[in-house]
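A structural walkthrough
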Amino acid sequence: EVKLVESGGGLVQAGGSLRLSCTASGFTFGDYDIGWFRQAPGKEPEGVACIKMTDGSTYYMDSVKGRSTISSDKAKNTVYLQMNMLKFEDTAVYYCAAAASCQVAQDEFHSWGLGTQVTVSS
């Protein structure tokens, strides 16, 4: 069974930081690019960041660029999303998922985890 599990979410004040983790099991983690997505209440899911496992290239949505860093530790089957200077607008359930490439559409990502809640208080 292919499974991704997110962790590290929580309640944080605006301006604070969190590090989210995405840990894989059931497949070779390095065989896929890994993306972070988020879904706020009443909104559609949106891509946050993605990392290519071939060369470590990273991609970010404009609203988090400069505040967030995606990284990977293949030995631990884990991808991280470090989020700094959090804003109320970052409040969402954060998910990780796998795909053949960071450049594919959202619906081509698979093995979605159950998500971890990030709540930023204002």
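Attention in this report is confined to the structure presented alongside it. (Residues numbered from 1 in each chain as written. Predicted model: local features only at pLDDT ≥ 70, side-chain atom pairs only at ≥ 80, totals over all residues. Heavy atoms only, no water.)

1. Remarks on the overall build of the protein chain
Cut-off, in case you're wondering: Only DSSP runs of H or I covering at least 4 residues are called helices, and only runs of E covering at least 2 are called strands; the numbering of each starts at the N terminus. Restricting the calculation to C-alpha atoms gives the radius of gyration, and the globule rule supplies 2.2 Å times the number of residues raised to the power 0.38.
A tally of regular secondary structure across the protein chain gives 0 helices and 10 strands. Starting at the N terminus and ending at the C terminus, the protein chain contains elements arranged as β-β-β-β-β-β-β-β-β-β. For 122 residues, the compact-globule estimate of 2.2 N^0.38 gives 14 Å, and the C-alpha radius of gyration of the protein chain, at 13 Å, lies within 12% of that figure. Expressed along its principal axes, the backbone C-alpha trace of the protein chain runs to roughly 40 × 25 × 25 Å.

2. Re the pairing of strand S10 (residues 116-121)
What counts here: Classification of residues uses two cut-offs on accessible area relative to the type maximum, computed with a 1.4 Å probe and protein chains only: under 20% is buried, over 50% is exposed, and between them is partly exposed. The criterion for strand pairing is that DSSP finds at least two bridges linking the strands in question.
On S10, burial follows the alternation: Thr116, Val118 and Val120 on one face are buried, whereas Gln117, Thr119 and Ser121 on the facing-out side are not. Note: strand S2 (residues 10-13) against S10, 4 bridges, orientation parallel. Residue pairing for S10: leucine 11 is matched across the bridge by threonine 119. In this sheet, S10 lies alongside strand S9 (residues 92-99) in antiparallel orientation, the contact comprising 3 bridges. Each bridged residue has a counterpart across the sheet, and for tyrosine 94 the counterpart in S10 is threonine 116.

3. Here's the deal with the state of the cysteines
Just so we agree on the cut-off: Disulfides are defined in this document as cysteine sulfur pairs within 2.5 Å.
Here the structure, examined in full by the defined rule, presents 2 disulfides. Sulfur-sulfur distance for the disulfide between cysteine 22 and cysteine 96 comes to 2.0 Å. Disulfide cysteine 22-cysteine 96: torsion about the S-S bond near 80°, hence right-handed. One end of the pair, cysteine 22, is in strand S3 (residues 18-25); the other, cysteine 96, is in strand S9, with 74 residues separating them in the sequence. Overall, cysteine 22 belongs to the buried group, its relative accessible area being 0%. Classification of cysteine 96 by relative accessible area gives buried; the value is 0%. Residue pairing for cysteine 50: its cysteine sulfur links by disulfide to cysteine 102, the two sulfurs lying 2.1 Å apart. Since a negative S-S torsion denotes a left-handed disulfide, the cysteine 50-cysteine 102 link at about -85° is left-handed. In this pair, cysteine 50 is assigned in strand S5 (residues 46-51) and cysteine 102 in the loop between S9 and S10, connecting sequence segments 52 residues apart. Relative accessible area serves as the criterion here: at 12%, cysteine 102 is assigned to the buried category. Shown here for the protein chain is a disulfide pattern of 1-3, 2-4, where each number marks a bonded cysteine counted in sequence order.

4. Things to note about the pairing of S9
Most of S9 sits out of view: 7 of its 8 residues are buried. As judged from the 7 bridges shared by strand S4 (residues 33-39) and S9, these two strands associate in the antiparallel manner. In the strand pairing of S9, isoleucine 34 is matched with alanine 98.

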